[in-house]
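Structure at a glance
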Amino acid sequence: MFSELKPLPTDPILGLMAAYKKDTNPNKIDLGVGVYKDEQGHTPVLKAVKKAEAFRLENETTKSYIGLAGNLDYCDKMEKLLLGNDHPALLANRTRTAQAPGGTGALRVAAEFIKRCNTDATVWVTTPTWANHISLFEAAGLTVKEYPYYDYENKGLLFDEMIEALKQVPKGDIVLLHACCHNPSGMDLNAEQWQIVAELAKDVGFTPLVDIAYQGFGSGLEEDAQGLRLLAATVDEMLICSSCSKNFGLYRERIGACSFIAKDAAVADVANSVLLSVVRSIYSMPPAHGADIVNTILGSEELTQEWHQELAEMRDRINGLRSLLKDSLNAKGTSQDFSFIERQNGMFSFLGIDKAQIDRLREEYSIYIVGSSRVNVAGVSKDNIAYFADAVATVLK
Ligand code: PLP
């Protein structure tokens, strides 16, 4: 059976990571991988996380099974983090949540859940989107189609084109939206645009699925959830897939959540029984550790405050680097205007350079960027930004 298999190409980002590791140039810079890095190039364990882990080690009393939905206190706190404490959907008891193994696990559970609701549903994703969106929905047997989103030429949004495309989406299809810090473009909808999309979802009858993997990395925990909250206040039904990988720095603990909002509490209960049966048939129950950490942090005023501070440090560093990158690149006087870097949010932006220039950056300067020119802004530091700007200016000449 196995000898008939044909080898598949390595994931381009993983290939790039391996090449970076092997590179002996002391000035090398990795802008490929999608994790937050501090000024020293490390992805640290947050102090609030360390404290919550110490507490867990002391106080854990059992390793017995956790239940299909995972840690229910965690699920409850995640709903409040996503929607805000007093959201009408929460007050009306219309929301249900299952803890999931990372944002990816949440998306896969959502995909299987969608399949149970409507086997013919198509999932519409932004052009471009996080590459794994397409593979994981297709792997669940759903059709994936794209709608216009990023304007490569003007480094903004194709909002009119997006709305025209969404008007044509058949009733009952799913439209995936990035809540904030769009991966890979960094371009987000503003509040007015979210409202237009929400009204459209209601009129056209598509179900929004909001992927929120970077809450707190753009403008703040509340601000980054404003679109999601607006949608949730407008439509009868929606799905939310969240991840604690980035904002809690819990990448390898695999912690996220799959939530949905139904028309009323009775429908929510029925749909929840289906959601939990999906979970049962994939991995039975989620792992406990990550949820316990998040639950401990969000359950303690002191740890929550410390986490807010650490999250703000990560966010401020990214936004500071965005300004610095824009200034350093624009100061080189190349024909390109890099002001868009400052207008975009989160860790990613497309630099807007071509394949040959990306290859030169890697071969001549040991600067590693994926083929689409998406850069992880957190991959540069104040120490190497001048080296980076010089290199980019040289390959642009
Ligand atoms: N969604 C988006 C848009 C992402 O960028 C990522 C991670 O890069 C995820 C979901 C999944 O995150 P994880 O499975 O690591 O929690």
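Quick caveat, the model's predicted, so the values are computed rather than measured. (Residues numbered from 1 in each chain as written. Predicted model: local features only at pLDDT ≥ 70, side-chain atom pairs only at ≥ 80, totals over all residues.)

Moving on to the confidence of the model for the protein chain. Taken residue by residue, the protein chain gives an average pLDDT of 96. The fraction at 70 or more is 100%. The complex model carries a pTM of 0.97, and its ipTM stands at 0.99. (pLDDT = per-residue confidence, 0-100.)

We now examine the nonpolar core. Counting 117 residues, the largest nonpolar core has Ala110 and Val175 as its most contacted members. Residue contributions to this core peak at eight residues, all from helix 12 (residues 301-330). Among residues more than four places away in sequence, those in contact with Val175 are Trp124, Leu166, Val169, Ala201, Phe206, Pro208 and Leu209. (Core = buried A, V, L, I, M, F, W, Y, C linked by C-beta atoms within 7 Å. Buried ≥ 20, exposed ≤ 12 C-beta atoms within 10 Å, placed from the backbone. Helix = DSSP H or I, 4+ residues; strand = E, 2+ residues; numbered from the N terminus. Contact = placed C-beta atoms within 7 Å.)

We now examine the UniProt feature "domain: Aminotransferase class I/classII large" (unreviewed entry) in the protein chain. If you check UniProt for "domain: Aminotransferase class I/classII large" (unreviewed entry), the listed places come out as residues 27-392 in our numbering. For residues 27-392, the end-to-end C-alpha separation is 14 Å, with 46% helix and 15% strand making up the annotated structure. (UniProt positions renumbered as here; feature names shortened; annotations may be inferred.)

For the rest of this paragraph, the subject is the sheet that holds strand 10 (residues 256-261). Taking strand neighbours across the sheet as the criterion, the seven strands line up as 2-10-9-8-7-3-4 in an open arrangement whose pairing is mixed. Each edge of the open sheet is held by one strand with a lone partner, namely strand 2 (95-100) and strand 4 (143-148). Across the sheet, the mean angle separating the axes of adjacent strands is 25° when strand polarity is ignored. Sheet topology note: the strand 7 (residues 174-178)/strand 8 (residues 207-212) ladder contains five bridges and is parallel. Within the sheet, the bridge partner assigned to Leu176 lies in strand 8 and is Leu209. The strands that helix 5 (residues 102-117) touches are strand 2, strand 7, strand 8, strand 9 (238-243) and strand 10; relative to strand 9, the one it contacts most, it runs at about 160°. (Pairing = 2+ DSSP bridges. Axes fitted to C-alpha atoms, helices over the stretch in contact; angles between N-to-C directions.)

Taken domain by domain, the protein chain holds domain 1 (2-42 + 313-396) and domain 2 (65-299). Relative to domain 2, the C-alpha centre of domain 1 lies at a distance of 28 Å. With 16 residues of domain 1 at the contact, the number on the domain 2 side is 16 residues. Among the elements of the structure, helix 12 and strand 11 (348-350) are those that each provide at least two residues to the side of domain 1 that touches domain 2. (Domains from an automatic or database assignment.)

Another point: the environment of Ala257. Residue placement: Ala257 occurs in strand 10. Take Ala257: there are 31 C-beta atoms within 10 Å of it, and that puts it in the buried class. Sequence separation between Ala257 and Ser300 is 43 residues, and the spatial gap between their C-alpha atoms is 20 Å. Non-local contacts of Ala257, meaning those with residues more than four positions away in its chain, are made with Cys75, Met78, Thr97, Ala98, Gln99, Ala100, Ala106 and Ser242.

A few words on the site of the ligand. Within the structure, the ligand sits among 13 residues, and Gly102, Gly103, Thr104, Ser243 and Ser245 are positioned closest to it. With three residues, the top contributor of residues to the shell around the ligand is helix 5. Across the shell around the ligand, the residue classes break down as three nonpolar, nine polar and one charged. (Near = placed C-beta within 6 Å. Nonpolar A, V, L, I, M, F, W, Y, C, P; charged D, E, K, R; others polar.)

This brings us to the packing of helix 5 against helix 6 (residues 131-139). Where helix 5 meets helix 6, the axes come as close as 9 Å, and the angle between the chain directions of the two elements is 40°. The angle between helix 5 and helix 6 falls in the class oblique. Classified by chirality, the crossing of helix 6 by helix 5 is right-handed. Note on element contacts: helix 6 touches helix 5 through Asn132, Leu136 and Phe137, opposite Thr104, Leu107, Arg108 and Ala111. For the contact of helix 5 with helix 6, the residue count by class is four nonpolar, two polar and one charged. (Parallel < 35°, antiparallel > 145°, perpendicular 65-115°, else oblique. Left-handed = near helix turned anticlockwise from the far one by under 90°.)

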